[in-house]
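# Fold and geometry: a report
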Amino acid sequence: MIDKTRMVKKSSPIIDLQANPINFMSRKNRFSVLTSLAWILFLTAVPSFTQDFEIKAYVNKSSVRLNQQFELNVELSGRDVQRVSDPEVPVLDGFASFIGTSNSTSMQFVNGRMSVSKTFKHHFLASTEGKFQIPAITVRYKGETYSTDVIDIEIVKGTSPQQRSSRIPGSPNDPQDLSEQLFLKASVDKRRVYKNEPVIISYKIYTTVNVTNYGVSQLPSTVGFWSEEFEMPQRLTSFTEFVNGRQYQVYEIKKMALFPQGSGQKTLEPMVIECEVQLPRRRRRSRDIFDSFFDDPFSRNTKRVGIQSNSISIEVLPLPEKGKPSDFSGAVGSFSIRSSVDKTRVKTNEAITLKVNISGTGNIKIVPQPKIDFASDFEVYDPKINESIKRSSGQISGSKLFEYVIIPRFPGQQSIKPVTFSYFDLPSKTYRTISTDTKVISVTKGDDQFVNVGIGSSKEDVRFIGQDIHYLQTRIPEFQRKNSVFYKKTFFYVILIFPLIILGTAFSYRAHLDKLSSNVAYARSRKANHMALSRLKDANKQMKANNLSGFYGEVSKALMGFIGDKLNVASAGLITDEVDKMLHVQKIEENTVSSYLDCLKTCDYKRFAPGDSNNLAMSDFFEKAKKAIINLEKEI
Amino acid sequence: MDMKFDKYFSYFMIMTLSILCLANTLLAKEVEVFFVRGNESYQAGNYKVAIKEFEKILNSDYESWEVYYNLGNAYFKDGQTAKAILNFERAKKLNLKDEDINYNLELANLAIVDRIQELPQFFLFKLASTIAHSINLKVLGGITLSTYLLLIFLTVLRIYLKSPQLQRTAFVAIISASVTLTVFTGLFVMRIFENETKVEAIVIKDRVDVKSAPGGLTEVFTLHEGVKVQIKDHSETWVKIRLADGKIGWLEVDVLETI
């Protein structure tokens, strides 16, 4: 603490002579008057020892917060205070620890009487909660013991010890003096935040002395945070604030928004600054009261003081896993998204600009490039990203603008699907997904038709670039009915089946031939008709030649031969009776057999007993014989 | 009475047949005129007119690969790539091995946006498919039928041949003919089966979104004009399609045209 020496001078011309123990009225000469004047001068300077002695003790506050300092003032007052030995520092074991002592002296002349008071300021740090008593302090004066009253003090639960400013060791100043007059305080708006939720931290100089300048000698380390500094005005403005009943000038020198990047307990290391302060000159101990006359109360003492802020710990909570969208990228705050296209009707290969703007408060820098599901018809270039951050009015806000250049390569109604963006909404403490609306772009075919060829083609396709299609077919073709497939036409099946018939015939004929060559009876039977017919033909010739016996002979041969062939017997030795027997064995109808035998008999009869050659009779018989053969052939 | 009716009937038949034949030849003549006019318009650069002329041929229920090819050329020159691809594909269906068709189709296919990777096939199927598609269906049918007739002929010959040496030669010939016939019949049946069951179509709209179900809202993927798809199933207004890479989805009928 600064020496608060105060001189109260009351230079009154009237000297209280009564206070003087020596009666100089007994001197009767001029010299004695001068001497007495000198005496007066002397006496005024000599302190009076007749003044009463007083000791007082009091604390600056009867209720102290835990871990806070308090002062125990012990004030000695009286004429002869200087001679009094210093009072002992009371031991406050159990509830407060002693830090140090400063003292001050003041003198007063009241109505020619001088009083001196000496104050000892004992600084203590409250360490235990509760109600305590500071014991009486005693001093001995002129053989007598003076003691103070017992002081009640209450120590209440207070804020955390970080609030206390600390000093830099090795500071040139008396520690007790400046720690309460000049300190740097770091304060945050909240101590429990979500990951990526901004913490506003501000550094303020609290001072009761005149700070003319300051310089930052160590910036607070912000490892594990993304920090965004607020702009501070060029000239610091100050405001007043009361701390522990003291009025301070407060200068805010630094303000930052910190976005914690990881969860857990984070500690912000203190900031160290060096201040240039102007202090009034002070004395260590002014035993001689005249010293104060040579002290110029307006001359200031400029000192450089290093001060350190408190460190701050912040608890960073992880973002809830529940309801976390898959595309969440860490943005925390409150945001809005907007998109626009510069035109909705284009030709192919004409560029469109798609702007996606994400704005809001929060860590806008962390906002990633939105994933846009462009149709494959679009050629999309990397976006141009514009970021603007506003650091004002106590929060970090801003916007991020993504500008995509897209070129539709193919005609049609193309749509750009909604762009979505997910963030953790701080006011509601939930995840939110916001999206833009769908943009529909109608693309018409551009004039540059052949630009397309080659785009997206593989290397093998390149050989076609610039080549034209082959020319028309000029020869007049053979037209056919539509959808007439030959395998459904009849002729196809005819071609398919006809050879099968041929094959079948060939096989059966072959089988027939085989039978003929291997079976005589079968062969003769097969030949019977043929033989009979050829004999009948011969008979017909004989009839025409009117050769009676020849005719009947041939008919007989035909009839006999037919039987012989059919039944596979030698026809030469056959007689009619035998024929009759054989035919009966074959179970041939009686009628047929009898008419056949009748013919045979007629033949025999006519051959050997020739009568007149009657042509009519011959042809009648011829027909009869033919019929008989045919009838027999049917039944045999 | 019967005789008379028979007579009139046969006259009537002959008349009808000859009128039909005459009409046929007249129509064929007209179709030839369309073809020539189409070619002339094409040469003059009037691709739209050429398209109309060639379409007339198809509308008269006649076709030939040359018509499809020329129509495809006209569409290509007119900038309607999807239609060009469609007609080149139709031409190719009638004539697999024509160099011009294949070249122009490949060139037109370059304009397709979607690059579709074909799924790999089992090598034997792939080989069979390659062989079957290396021959035109008509030629394949001709070869199959000829082999068949040859086999029949050889068999008949074998039946009537007397000399054992000749018989042995014929037998060897029959065996080889049978093997050849089996192979060609296999390929032929495969082609016929494919012809009858594999329905392919070309996307003719600029851009279509393929849905997961008929009338569905979920887009599975997007296709662009000119892509060839296989039609697997259909409802009234929707068809189920399959891409060469195995992707499956549903499309509205009117965005496709079958090859």
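What counts and how
Residues numbered from 1 in each chain as written. Chains lettered and ligands numbered in written order. Predicted model: local features only at pLDDT ≥ 70, side-chain atom pairs only at ≥ 80, totals over all residues. Heavy atoms only, no water. Helix = DSSP H or I, 4+ residues; strand = E, 2+ residues; numbered from the N terminus. Buried < 20%, exposed > 50% of the residue type's maximum accessible area, 1.4 Å probe, protein only. Areas by Shrake-Rupley, 256 points an atom, 1.4 Å probe, with all protein chains shown as cover. Contact = heavy atoms within 4.5 Å. Lys, Arg positive; Asp, Glu negative; His and termini not counted. Salt bridge = Lys/Arg side-chain N within 4 Å of Asp/Glu carboxyl O. Axes fitted to C-alpha atoms, helices over the stretch in contact; angles between N-to-C directions. Parallel < 35°, antiparallel > 145°, perpendicular 65-115°, else oblique. Nonpolar A, V, L, I, M, F, W, Y, C, P; charged D, E, K, R; others polar. Buried area = accessible area lost by both parts, 1.4 Å probe. Polar contact = N/O pair within 3.5 Å; in protein donor to acceptor, adjacent residues only side chain to side chain. Pairing = 2+ DSSP bridges. Core = buried A, V, L, I, M, F, W, Y, C linked by side-chain atoms within 4.5 Å. Domains from an automatic or database assignment.

### Some thoughts on the overall build of chain A
On a plain count of helices and strands, chain A comes out with eight helices and 33 strands. Burial status across chain A gives 39% buried among its 636 residues. Surface summary for chain A: the accessible area is close to 36500 Å², and the carbon and sulfur share equals 51%.

### Regarding the overall build of chain B
When helices and strands are counted, chain B shows eight helices and eight strands. A burial count over chain B gives 41% of its 259 residues as buried. Here the contacts in chain B between residues at least 6 apart in sequence split such that 56% fall between residues at least 24 apart. Taken as a whole, chain B presents about 14600 Å² of accessible surface, with 62% of it coming from carbon and sulfur.

### Concerning the side chain of K204(A)
Residues and elements named next belong to chain A. Turning to its location among the elements, K204 is positioned in strand 14 (residues 199-207). E252 provides the closest opposite charge to the buried, salt-bridge-free K204, at an N-O distance of 4.9 Å. Those residues within four positions of K204 in sequence are excluded, and the remaining contacts are F183, L184, K185, S187, F239, V250, Y251 and E252.

### Concerning the packing of helix 5 (residues 548-567) of chain A against helix 8 (residues 615-635) of chain A
For any two helices packed against each other, the geometry is given by the interaxial angle and the distance between the axes. All names here are of chain A. Put simply, helix 5 and helix 8 touch, their axes get as near as 11 Å, and they point 0 degrees apart. In terms of their interaxial angle, helix 5 and helix 8 are classed as roughly parallel. Between helix 5, through L548, F551, Y552, V555, A558, L559, F562, I563 and K566, and helix 8, the contact on the second element is made entirely by M618, F621, F622, A625, I629, L632 and E633. Residues of the contact of helix 5 with helix 8, tallied by class, amount to 14 nonpolar, no polar and two charged.

### Thoughts on the interface of chain A and chain B
Contacts between the two partners involve 52 residues from chain A, matched on the other side by 56 residues from chain B. For the pairing of chain A and chain B, the buried interface totals around 5000 Å² over both sides, and the portion due to carbon and sulfur atoms is 62%. There are three salt bridges connecting chain A and chain B. Between R475(A) and E66(B) there is a salt bridge, and its shortest N-O distance comes to 3.5 Å. One can count 23 residue pairs in polar contact (both at pLDDT 80 or more) joining chain A with chain B. Put simply, the parts of the chain that give the side of chain A that touches chain B at least two residues each are strand 29 (412-416), strand 33 (480-481) and helix 3 (490-518) of chain A. When residues in the side of chain A that touches chain B are grouped by element, the largest group, 13 residues, is from helix 3 of chain A. Taken together, the residues of the side of chain A that touches chain B sort by class into 26 nonpolar, 14 polar and twelve charged.

### Regarding the pattern of salt bridges
Once the charged atoms of two side chains with opposite charge are near each other, the side chains can pair. Residues and elements named next belong to chain A. Tallying each qualifying case throughout the model produces 26 salt bridges over all chains. As a salt-bridge pair, K121 and E71 come within 3.6 Å of each other at their nearest N and O atoms. With a gap of 50 residues between them, K121 in strand 6 (residues 113-126) and E71 in strand 4 (residues 69-78) connect regions that are remote in the sequence. The residue K384 makes a salt bridge to E403 at a minimum N-O spacing of 4.0 Å. Separated by 19 residues along the polypeptide, K384 in strand 27 (residues 384-392) and E403 in strand 28 (residues 395-408) bring together distant segments of the chain.

### Comments concerning the pairing of strand 6 of chain A
All names here are of chain A. The buried count for strand 6 comes to eleven of 14 residues, which makes it a mostly enclosed element. Pairing between strand 4 and strand 6: ten bridges, direction antiparallel. Following the sheet pairing, L76 is matched in strand 6 by K118.

### Side note on unusual backbone geometry
Residue and element names in this part refer to chain A. In this model, N349 sits at a positive phi of 65 degrees, which is unusual for a non-glycine residue. Along the chain, N349 turns up in the loop between strand 24 (345-347) and strand 25 (352-362). Phi is positive for K429, which is not a glycine, with a value near 55 degrees.

### A look at the packing of helix 3 of chain A against helix 7 (residues 137-160) of chain B
Relative orientation of the contacting elements helix 3 of chain A and helix 7 of chain B amounts to 5 degrees, with a least axis distance of 10 Å. Judged on the interaxial angle alone, helix 7 of chain B and helix 3 of chain A are roughly parallel. Taken together, the residues that form the contact of helix 3 of chain A with helix 7 of chain B break down as 18 nonpolar, two polar and one charged.

### A short note on the nonpolar core
Grouped burial of nonpolar side chains is what soluble globular proteins tend to show. All names here are of chain B. Counting residues in each nonpolar core, the largest one holds 50 residues, and the members touching the most others are I57, L223, V229, I241, L251 and L256. Among the elements that make up this core, the one with the highest residue count is helix 3 (residues 65-77) (eight residues). Residue contributions to this core reach at least three from each of two domains, namely domain 1 (2-109) and domain 3 (199-258).

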